[in-house]
Amino acid sequence: MSTTPERSQSSSPVLHAGADGETSGASATSENDSDLDSTLRAGPIRNICCVGAGYVGGPTAAVIAFKNPHIKVTVVDKDQNRIRRWNSRHPPIYEPGLGEMVRVSRDGLPASKQDKKPVQQPNLFFSTDVSRCISDADIVIIAVNTPTKSRGAGAGSATDMTAFEAVTAEVVQHARLGAIIVEKSTVPCRTAELVEDMVSTHRPGAHFEILSNPEFLAAGTAVQDLLRPDRVIIGSASTPEGRSAAESLAKVYAAWVDRSKILTINLFSSELAKLVANSMLAQRLSSINSISAICEATGAEIREVATSIGTDTRIGEKFLRAGIGFGGSCFKKDVLSLVYLAESLGLKEVGEFWRQVVIMNEYQRNRFTCRVIKCLNNTLVNKKVTILGYAFKKNTSDTRDSPALEIVKTLLEENPREIAIFDPCCNPLVIKGEIRALCGFGNALGDDGGAVKVYTNAYEACAASNAVLVVTEFDEFRNTKPSAPATQSKPFPAPATEVKQQQSFPDEEHFNPEPVCASDCPDCEIEKTTSVPVAVMKIYKPQEQLDWTRIAHGMRQPKWLFDGRCIIDAKEMTRLGIRVESIGSSGFSSVDTS
Ligand code: UDX
């Protein structure tokens, strides 16, 4: 997130081997009586401040505000550009249903004569006045990014706490006594101790209850995940004051979440549970991906294997879709954080066990790229390769840690005529910016004389191509109807329309007008060239599947399709004269058996 300064030297909190999991570090030991009283007397929550206007803070605050119209929710961030975008018609992130939710809570609704609904006052605000908004709040939620440290002690696995530490210092200095501080960011276990230390350093004698309330929202389904969570975890000190603070936060969620799904647990268990949840999911993917390599070598089919094991209720059907490996901002960093935790505690074997999950993920991606190069006779010179999908998964414009970038980097080394990229959800300007920034060897982009070109049209991207790589599992890349296979990772789709129906948003004409964008808004820039509003462009439409016959006609021999997401029916492609190589498939499918 933008609030993280680069080149951090900060490290994860000091870990104490043999930690017993008791919440002593976060218990009410330093408070004076008047502070304690104010905590216990905490009345209803009227004002929440969320620090960090990113992928977690924005959607979380929007849903809390939408479901609690009586609570004023303010999202603060020191990044003026980011706040300006939240206060415009093009928020900085796209999530199905989020736009409507923000419009209702941020802009309010006029009275509806038809339904006799009164005016709905705005209760969601975005501001750069960080300290003032913190000081007004009953609950301060810290939702800044905690990436992996890139240098210094623990580089490559420890959590970079720079942003979290900086924000916490500001929070403990400005929060009003009796306010509750909530760790929403994914943090190392025992971070609550660090927060306590900061209270005693910056506000000696003061006391705040600290809660851990990890997020479990996935990109592309964030609003859905928030509206219908499997569970909400709230970790607190096991003191009466801690439990009372947990109850205050639980009431906020209880506005829309069934009480049985709100679990109040030990503070450190809660911190650790988040890391473990993501690590277990990532481990599942590395497990199935490792089996896909065996399938390719034996003639077994990974989709059949996944379905066969997934129907065992002890294993379960989700997160068994083999592919080019997981991407996104969370899995890798959280597994590595767990590795660092284990190693810091002297548990070397435990660290090695979890590190293998990340190693297997990289192996899987590299295996796929090597297969592409090998099939193309180990040379890409004078050849065009098309990448379909750039986001790390479908239904999102999120490109963080997307396998696509690494694939592009490796293919570029082979000196191809062109690498074409098309993604139905990502802003091409954003993709270009990322390639420019991260490709390392200058002039990778066509605009700068390089081989990489970013397209807004899939057919143009595939024209005269020798090989098409399906890198993201957008349903429109399928050559069969999306069939909701048993191995699907999420109850897809969660398009805006579905969230809309559940929440019964008003029609467009009943919204208040949206605030205008700043002159440098990249989404306005792209709208100028496509004549399709970005918000509409980004909503996934299953009926608009690609016409593969048209693509096949336009491709150049040898025509290859590399299915990195197991969404292509190889037989259908073979009929069109395209040879197919799929993850976890032995390659028999490239022969037309019909
Ligand atoms: C994850 C967690 O799911 C969420 O709870 C947490 O809070 C944040 O991290 P996210 O990274 O946004 O969410 O997406 P997720 O749906 O979990 O997918 C992660 C990666 O795994 C993607 O690259 C996806 O394509 C891949 N994946 C998922 C597979 O390759 N196969 C599957 O079966 C499922």
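Please read all numbers here as calculations on a predicted model, not as lab measurements. Just so you know, the residues in each chain are numbered from 1, in the order the chain's sequence is written. The model is predicted, so local features are restricted to residues of pLDDT at least 70 and side-chain atom pairs to those at 80 or more, both for listing and for counting; the totals for chains, interfaces and linings are taken over all residues. Excluding hydrogens and water, the side-chain figures rest on all heavy atoms present in the structure.

**Observations regarding helix H12 (residues 331-344)**
Only DSSP runs of H or I covering at least 4 residues are called helices, and only runs of E covering at least 2 are called strands; the numbering of each starts at the N terminus. For a helix, the expected span equals 1.5 Å multiplied by the residue count minus one. For H12, built from 14 residues, the straight-helix expectation of 20 Å at 1.5 Å per residue is met to within 8% by its first-to-last C-alpha distance of 20 Å. Think of it in three bands: residues with accessible area under 20% of the maximum for their type are buried, residues over 50% are exposed, and the middle band is partly exposed, with areas taken using a 1.4 Å probe on protein chains only. The buried count for H12 comes to 10 of 14 residues, which makes it a mostly enclosed element. Listed as buried for H12 are Phe-331, Lys-333, Asp-334, Val-335, Leu-336, Ser-337, Leu-338, Val-339, Leu-341 and Ala-342. Looking at the packing, one finds that the buried side of H12 touches helix H10 (267-298) and helix H13 (348-375). Following H12 by one or two positions, Gly-346 has its phi on the positive side, about 80 degrees. It only takes one pair of heavy atoms within 4.5 Å for two residues to be counted as in contact.

**Details of the packing of helix H6 (residues 162-174) against helix H7 (residues 191-202)**
Angles shown run from 0 to 180 degrees and are taken between the N-to-C directions of axes, each axis being a line fitted to C-alpha atoms and, for helices, limited to the stretch in contact. Orientation of H6 relative to H7, taken along the N-to-C sense of each, is 50 degrees, at an axis distance of 9 Å. The angle between H6 and H7 places the two elements in the oblique class. Every pair of crossing elements has a handedness; the one defined by H6 and H7 is right-handed. Between H6, through Phe-164, Glu-165, Thr-168, Ala-169, Val-172 and Gln-173, and H7, the contact on the second element is made entirely by Thr-191, Leu-194, Val-195, Met-198, Val-199 and His-202. Charged means Asp, Glu, Lys or Arg here, nonpolar means Ala, Val, Leu, Ile, Met, Phe, Trp, Tyr, Cys or Pro, and polar covers whatever is left, Gly included. Of the residues assigned to the contact of H6 with H7, the class counts are seven nonpolar, four polar and one charged. An angle below 35 degrees is read as roughly parallel, one above 145 as roughly antiparallel, one from 65 to 115 as roughly perpendicular, and any other as oblique. For any pair of crossing helices, the crossing counts as left-handed if the nearer helix is rotated counterclockwise from the farther one by less than a right angle, and right-handed if it is rotated clockwise.

**Overview of the nonpolar core**
Ranked by size, the top nonpolar core spans 67 residues in total, and within it Leu-411, Ile-435 and Leu-469 carry the most contacts. If one sorts the elements of this core by residue count, helix H14 (residues 403-412) sits on top with six residues. Ignoring sequence-local partners within four residues, the contact set of Leu-411 consists of Thr-369, Val-372, Ile-373, Leu-380, Val-385, Ile-387, Pro-416, Ile-419 and Leu-469. Nine residue types can take part in a nonpolar core, namely buried Ala, Val, Leu, Ile, Met, Phe, Trp, Tyr and Cys, and a core is a set of them joined through side-chain atoms within 4.5 Å.

**Here we look at the site of the ligand**
Residues in contact with the ligand amount to 20 residues; listed here are only the nearest, Ala-219, Arg-321, Gly-327, Lys-393 and Arg-565. Each polar contact in these results corresponds to two N or O atoms within 3.5 Å; when the atoms are within protein, one needs to be able to donate a hydrogen and the other to accept it, and residues that are neighboring in sequence are counted only if both atoms are side-chain atoms. Gly-327 is positioned with one of its backbone polar atoms (N or O) 2.9 Å from an oxygen atom of the ligand. Of the residues forming the shell around the ligand, the biggest block, three residues, is contributed by H10. A per-class count over the shell around the ligand returns 11 nonpolar, three polar and six charged. A cutoff of 4 Å decides nearness: a residue is near a molecule or strand if any of its heavy atoms lies inside that distance of it.

**As for the sheet that holds strand E10 (residues 418-422)**
A pair of strands is considered paired only if DSSP assigns at least 2 bridges between the two. Taken in spatial order, the six strands of this open sheet run E11-E10-E9-E12-E13-E14, and their pairing is parallel. The two strands at the open ends of the sheet, each matched to only one other strand, are strand E11 (452-455) and strand E14 (579-582). Going across the sheet, the axis of each strand differs from the next one's by a mean of 20 degrees, ignoring polarity. As defined by bridge partners, strand E9 (residues 384-388) adjoins strand E12 (residues 467-470) across four bridges and the pair is classed as parallel. Within E12, the position partnered with Thr-386 by the bridge is Val-468.

**Re the pattern of salt bridges**
Every case where a carboxyl oxygen of Asp or Glu lies within 4 Å of a side-chain nitrogen of Lys or Arg is listed as a salt bridge. As enumerated under the stated definition, the model contains 27 salt bridges in all. One salt bridge connects Arg-355 with Glu-343, and the closest N-O pair in it is separated by 3.5 Å. In this pair, Arg-355 is assigned in helix H13 and Glu-343 in helix H12, connecting sequence segments 12 residues apart. Looking at Arg-355, the relative accessible area reads 29%, which means it is partly exposed. Lys-432 serves as the salt-bridge partner of Asp-447, at 3.0 Å between the closest nitrogen and oxygen. Placement of Asp-447 in the loop between helix H15 (428-438) and E11 and of Lys-432 in helix H15 is noted, with a sequence separation of 15 residues between them.

**Brief notes about the UniProt feature "active site" (unreviewed entry) in the protein chain**
UniProt positions are given in the numbering used here, feature names are shortened, and annotations may be inferred rather than shown by experiment. According to UniProt, the feature "active site" (unreviewed entry) maps to Cys-330 in the numbering used here. The residue Cys-330 is located in the loop between helix H11 (302-310) and H12 in this model.

**Quick look at the side chain of Thr-162**
Here Thr-162 lies in helix H6. Taking relative accessible area as the criterion, Thr-162 reaches 15% and is therefore assigned buried. Within the local environment of Thr-162, its side chain forms a polar contact with the side chain of Asp-160, the two groups lying 2.5 Å apart.

**Describing the confidence of the model for the protein chain**
Residue-level confidence of the predictor is summarised by pLDDT, bounded by 0 at the bottom and 100 at the top. Chain-level statistics for the protein chain give a pLDDT mean of 87 and a share of 85% at 70 or above. Here residues 485-495 scores under 50 on pLDDT; set against residues more than four positions off or in separate chains, the count is 32 contacts. In the model, residues 588-594 has pLDDT below 50 throughout and makes 11 contacts with residues more than four positions away in sequence or in other chains.

**Things to note about the pairing of strand E7 (residues 232-236)**
In terms of burial, E7 is largely enclosed, as five of its five residues are buried. Residues Val-232, Ile-234 and Ser-236 point to one face of E7 and Ile-233 and Gly-235 to the other, with burial holding for every one of them. Two elements, E7 and strand E8 (residues 262-266), share five bridges in a ladder whose sense is parallel. Counterpart to Ile-234 in the pairing with E8 is Thr-264. Crossover handedness is defined here as right-handed if the route from the first strand over the helix to the second strand goes clockwise, with the strands pointing away from the viewer. Of the crossover connections in this fold, the one passing from E7 over helix H9 (residues 240-253) to the parallel E8 is right-handed.

**Digging into the packing of H12 against H13**
Axis separation between H12 and H13 bottoms out at 8 Å; the angle between their running directions is 155 degrees. Comparing their axes, H13 and H12 come out roughly antiparallel. Remark: the crossing between H12 and H13 carries left-handed chirality. In contact with Lys-332, Val-335, Leu-336, Leu-338, Val-339, Ala-342 and Glu-343 of H12, H13 contributes Val-350, Gly-351, Trp-354, Arg-355, Val-357, Val-358 and Glu-362.

**Points about the pairing of strand E2 (residues 72-76)**
In terms of residue burial, E2 counts as a mostly covered element, since four of its five residues are buried. As paired elements, strand E1 (residues 47-51) and E2 share five bridges and run parallel to each other. Each residue of the ladder has a partner; that of Cys-50, found in E2, is Val-75. Each parallel crossover has a hand, and for E1 linked through helix H2 (residues 57-67) to E2 it is right-handed. Sheet analysis places E2 next to strand E3 (residues 124-127), joined by four bridges and oriented parallel. When the sheet's bridge partners are listed, Thr-74 is paired in E3 with Phe-125.

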